[in-house]
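# A closer look at the structure
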Amino acid sequence: MRFVSVAAVAALALTGLSSGVAHAESAPGCGPVTQIGKTAYIGGNASSAWASVKQFKGCNKNWAYVYVWDSFVDRVGDFQVKVYVEADGQKAGLRTYPRNRQENWSEGTNTLSQCTRAIGQMVDFVSSETYWHTTKTEERC
């Protein structure tokens, strides 16, 4: 009987992992936030990208987020990220991170009443020290 219950728990866990439900992210100083809009990608598509760009809302603010994929870090290893919210065409919450940081959040912005998108920028110092690859999420109003 114990074997059946362990198998049932394992099946439920696998179902939960493959359900496609996004897990909550935590913005700095805010805690759990909710993704709004679709994920965009720097340097490729969903299967070959260097990084993911997302927009979140939480704590009465908008947040932009860039996560650099392990595969890119392992292959290239020398990069830098900028991340911000674009609100009605203006930059808000811009943060530029030190080199080689994988998880990058904008400042929280008081822009929930505006049309916004997340902007992620990334430079690959191995191929070019000056060219910033820029990706935008869809605009949310």
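The preceding data block contains the structure.
This write-up is about the structure you can find in this document. Everything numeric here is computed off the predicted structure, so don't read it as measured data. (Residues numbered from 1 in each chain as written. Predicted model: local features only at pLDDT ≥ 70, side-chain atom pairs only at ≥ 80, totals over all residues. Heavy atoms only, no water.)

With respect to topology, four strands assemble into an open sheet ordered β6-β5-β8-β9, the strand pairing being antiparallel. The sheet is open, and its two borders are formed by β6 (90-96) and β9 (132-136), each paired with just one other strand. Going from strand to strand, the sheet's axes swing by 20 degrees on average, the running direction of each strand aside. The pairing of strand β5 (residues 79-87) with β6 spans five bridges and is antiparallel. Considered in β6, the bridge of Ala-87 is made with Gln-90. (Pairing = 2+ DSSP bridges. Helix = DSSP H or I, 4+ residues; strand = E, 2+ residues; numbered from the N terminus. Axes fitted to C-alpha atoms, helices over the stretch in contact; angles between N-to-C directions.)

In the structure shown here, the tally under the stated rule is two disulfides. Disulfide pairing is shown between Cys-30 and Cys-59; the S-S distance is 2.0 Å. Classification of the bridge connecting Cys-30 and Cys-59 rests on its S-S torsion, roughly 105 degrees, and on that basis the disulfide is right-handed. Pair noted here: Cys-30 is in the loop between β1 (25-27) and β2 (31-42) and Cys-59 is in the loop between β3 (51-58) and β4 (61-68), with a separation of 29 residues, a long-range link. (Disulfide = S-S within 2.5 Å.)

The next subject is unusual backbone geometry. Residue Asn-60 is not a glycine yet carries a positive backbone phi of 60 degrees. With respect to the element layout, Asn-60 can be found in the loop between β3 and β4. For Asp-88, which is not a glycine, the phi torsion comes out positive at approximately 50 degrees. The residue Asp-88 is located in the loop between β5 and β6 in this model.

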